[in-house]
Amino acid sequence: MKLARDTWLIFQRQLNLLLRNPVWVFVGVFQPVMYLLLFAPLLKPALGAPTQAEAYKIFVPGLLVLLAIFGGLFQGFGLIAELRAGVIERSRVTPVSRLALLLGRSLRDVVSLMTQAVIITLLALLFDLRVFIGDLLLAYLMLALIALMTSAVSYGVALKVKSEDALAPLMNTVAQPVLLLSGILLPLAFAPGWLQGVAKWNPFSWAVDGTRALFNGDIGDDRVWQGLTIIAILAAAGVYWAARQFARSVR
Amino acid sequence: MIETRGLRKSFRSRAGRETKTVEAVRGVDLDVPAGEIFGFLGPNGAGKTTTLRMLATLIEPDGGQATIAGADLLKDPGEVRRRIGYVAQGGSTWDESTGREELVLQARMYGIRKTEAQRRAARALEAFQLVEFADRKCKTYSGGQRRRVEIALGIIHEPKIVFLDEPTTGLDPQSRAHMWDEIRRLRADGMTVFITTHYLDEADALCDRIAIMDHGEVVAEGTPADLKREISGDVVQVGLDVTATGEAEKLLDGEEYVNRLELLDEGGLRLFVDEGATAIPRILRRVDAAGLDLRSIELHRPSLDDVFLTKTGRSLRES
Ligand SMILES: Nc1ncnc2c1ncn2[C@@H]1O[C@H](COP(=O)(O)OP(=O)(O)OP(=O)(O)O)[C@@H](O)[C@H]1O
Ligand SMILES: [Mg+2]
């Protein structure tokens, strides 16, 4: 099938280029590990968790969602560089699938995020975090969908604004409220009522809740399927919209 | 091979609060037969790139139609893409990839299988004398080497037509001559080559036929020889001080042997006359009698620049 073949082609190319730059891989893993080592120990007293393992159950899912959001949102910068180099235009004169131009790139981002997620999970295991493999895989699915959506949207916006100067403030403006209103760093259970009310409108808040439930072993919790459904729909919409930008972008 | 009718495109651009509409291409009709090197000659901003990008399916025309290698541009852009190659003006290679990787990827984006893509990449590297650098990152290439990779990318799938947007801009004279040879080789292989240029000598020496473009319109079309023949007679260029130019214009404008007269920015005049050999002594006598200081006098056959000058009232060299 042409779409699958083209997607694989673009994915391979993008992954190769990523691996060629070892610094990037290092930074991608280093940062979250720092969070895990230096920030997480504060949490047990702060959250009033009975054990360190309990604190990790709350913090690790939040950290992973955070990585998925940010890992995706800032991918657009690389695309602007490609746009400027003429690589995108060169692809667009070939019959290669426009959806594949997007999917190949976004899947690369998903894979690089999953690598980070696995490393962090393994490290957290050393700190006595325990999670069932089935729950964990479902949580990874959630993360993958989040990264797919944010990277697709970032690519789409990059093709629209075409300049780093416009993309950076735009993405920061989006990222900040999303971050604050999702209970990523601290659960919104601590938040006043009005804040919880506003957060209901933030899809990532649902994603965080669902992921936490999974890490807690509550696979039957309503928040799991609700979070997954909301994010899956948004990911599909994001991919559709961004692929259209690939099809029609002008210079 | 390429047939366009009334191709149009305008851009809306925002400058501060105002939105301005630039009519980049306003009704271009072209007929390019197979197996030719067809040149698009025109100054900066004439609309060459915009026309090419429309023909390469990158932007949608506002109006008009085109058939390219037998496929309809508007109804079947996918088929057009399969049959053409396009090499952009501003480059198209990625710093961190090697030339070979780029060529293989490009072939595979056209649906060619991996082993075949590798074979073609190797062949293209050889043909464009790139074997030595094939596995070095593109960012280490010289401008000329990089341009050769880009041209190779444009033809890796053996298209019927290749569009080359300013293939020789920025190359030194020797690399330019090489590039000309390579372009001629493409024609020898049966490809139709559509190039843009603002070099007069390039249009003259390389192209079988040219279209001269200005302000979004084709102002003249034909073989270089035909176009020059259209302007009968000779051109006499008189070099004068800027201060003396006005007076000389008054002196010579009325002379019955002067068909047309143009002022030169750097001082002096360009006179279109029927026969240079008889005109020159008469010009000299007039200028001398008026006591003007003559710096130089040249006689030449009309060039493509003169064609451009007669069609647009401006010189291509100045714009
Ligand atoms: N994307 C765009 N948005 C706005 N204006 C544009 C765009 N692309 C081209 N133009 C304008 O259209 C006109 C024609 O541009 P084009 O690039 O086709 O010229 P050109 O003949 O290729 O010039 P050059 O020799 O400098 O490459 C110019 O005035 C240019 O500013
Ligand atoms: Mg141009």
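Residues numbered from 1 in each chain as written. Chains lettered and ligands numbered in written order. Predicted model: local features only at pLDDT ≥ 70, side-chain atom pairs only at ≥ 80, totals over all residues. Heavy atoms only, no water.

Draft legend 1. Inspection of the coordination of the magnesium ion (ligand 2) at higher detail. Residues and elements named next belong to chain B. For the magnesium ion (ligand 2), the full set of protein donor atoms is Thr49 (OG1) and Gln89 (OE1), and the range of their distances to it is 1.8 to 2.2 Å. Note that Thr49 is positioned in helix H1 (residues 48–55) and Gln89 in the loop between strand E6 (84–87) and helix H3 (99–109), a separation of 40 residues in sequence. Gln89 sits in the partly exposed class, given a relative accessible area of 37%. (Donors = N, O, S within 2.8 Å, 3.2 Å for Na, K, Ca; no water. Helix = DSSP H or I, 4+ residues; strand = E, 2+ residues; numbered from the N terminus. Buried < 20%, exposed > 50% of the residue type's maximum accessible area, 1.4 Å probe, protein only.)

Draft legend 2. Focus on a nonpolar patch on the surface. All names here are of chain A. Where nonpolar side chains cluster on the molecular surface, the patch consists of Val23, Phe26, Val27 and Phe30 and spans about 390 Å² of accessible area. Examined against the element boundaries, Val27 turns out to sit in helix H2 (residues 22–39). Judged by its relative accessible area of 40%, Val27 falls in the partly exposed class. (Patch = residues over 30% accessible without salt bridge, like charges linked within 9 Å, V, L, I, M, F, W, Y side chains within 5 Å. Areas by Shrake-Rupley, 256 points an atom, 1.4 Å probe, with all protein chains shown as cover. Salt bridge = Lys/Arg side-chain N within 4 Å of Asp/Glu carboxyl O.)

Draft legend 3. The side chain of A:Arg108, seen in detail. All names here are of chain A. Here Arg108 lies in helix H7 (residues 98–126). At a separation of 2.8 Å, a polar atom in the side chain of Arg108 contacts the side chain of Asp109. When neighbours within four sequence positions are excluded, Arg108 is seen to be in contact with Phe11, Gln14, Leu15, Leu18, Gln75 and Tyr155. (Polar contact = N/O pair within 3.5 Å; in protein donor to acceptor, adjacent residues only side chain to side chain. Contact = heavy atoms within 4.5 Å.)

Draft legend 4. Quick peek at the nonpolar core. Counting residues in each nonpolar core, the largest one holds 71 residues, and the members touching the most others are A:Val60, A:Ile69, A:Leu102, A:Leu143, A:Ile146 and A:Phe246. Ranked by residue count, the leading element in this core is helix H8 (residues 133–161) of chain A, at 16 residues. Other than its neighbours up to four places away in sequence, A:Ile146 contacts A:Val65, A:Ala68, A:Ile69, A:Phe204, A:Ala207 and A:Ile231. Listed in part, the 50 residues of the second largest apolar core include B:Ala107, B:Tyr110, B:Leu227 and B:Phe308. (Core = buried A, V, L, I, M, F, W, Y, C linked by side-chain atoms within 4.5 Å.)

Draft legend 5. Just the domain arrangement of chain B, in detail. As assigned here, chain B comprises domain 1 (2–93 + 141–228) and domain 2 (232–301). Taking only C-alpha atoms into account, the centre of domain 1 of chain B sits 37 Å from that of domain 2 of chain B. (Domains from an automatic or database assignment.)

Draft legend 6. Representation of the packing of aromatic side chains. Residue and element names in this part refer to chain B. Following the criterion strictly, the structure yields seven aromatic pairs over all chains and no others. With 6.1 Å between their ring centres and 55° between their planes, Phe133 and Tyr141 make a pair best called tilted. Across the pair, Tyr141 and Phe133 agree in class, each one buried. On the numbers, 5.4 Å between centres and 40° between planes, the contact of Phe163 with Phe194 is tilted. With Phe163 in strand E7 (residues 161–165) and Phe194 in strand E8 (residues 192–197), this residue pair connects regions lying 31 residues apart in the sequence. (Phe/Tyr/Trp six-rings, centres within 6.5 Å; stacked < 30°, edge-to-face > 60°.)

Draft legend 7. Highlighting the environment of A:Leu228. All names here are of chain A. You can see Leu228 is positioned in helix H12 (residues 222–248). By relative accessible area, which is 15% here, Leu228 ends up buried. Along the primary structure Leu228 and Trp206 are separated by 22 residues, whereas in three dimensions their C-alpha atoms are 8.4 Å apart. If we skip the residues at most four places from it in the chain, Leu228 touches Leu138, Leu141, Met142 and Leu145.

Draft legend 8. Focus on the interface of chain B and chain A. Facing the 27 residues of chain B at the interface are 25 residues of chain A. Contact with chain A buries surface across chain B, with B:Leu58, B:Trp94 and B:Met109 losing the most and accounting together for 29% of the total. Applying the counting rule to chain B against chain A returns four salt bridges. Of the charged contacts, one joins A:Arg13 and B:Glu102 as a salt bridge, the two residues approaching to 2.5 Å between their closest N and O atoms. Taken together, the links from chain B to chain A amount to twelve residue pairs in polar contact (both at pLDDT 80 or more). Looking at the side of chain B that touches chain A, the elements that each hand over two or more residues are H1, helix H2 (77–83) and H3 of chain B. In terms of residues, the side of chain B that touches chain A owes the most to one element, H3(B), which gives six residues. (Buried area = accessible area lost by both parts, 1.4 Å probe.)

Draft legend 9. Focus on the packing of H7(A) against H12(A). Residue and element names in this part refer to chain A. Running from N to C, H7 and H12 point in directions that differ by 120°, and their axes come no closer than 8 Å. The orientation of H7 with respect to H12, classified from their angle, is oblique. Here H7 and H12 pass one another in a crossing that is right-handed. Here H7 contributes Arg98, Leu99, Leu101, Leu102, Leu103 and Arg105 to the contact with H12, which in turn contributes Val239, Ala242, Ala243, Phe246 and Ala247. (Axes fitted to C-alpha atoms, helices over the stretch in contact; angles between N-to-C directions. Parallel < 35°, antiparallel > 145°, perpendicular 65-115°, else oblique. Left-handed = near helix turned anticlockwise from the far one by under 90°.)

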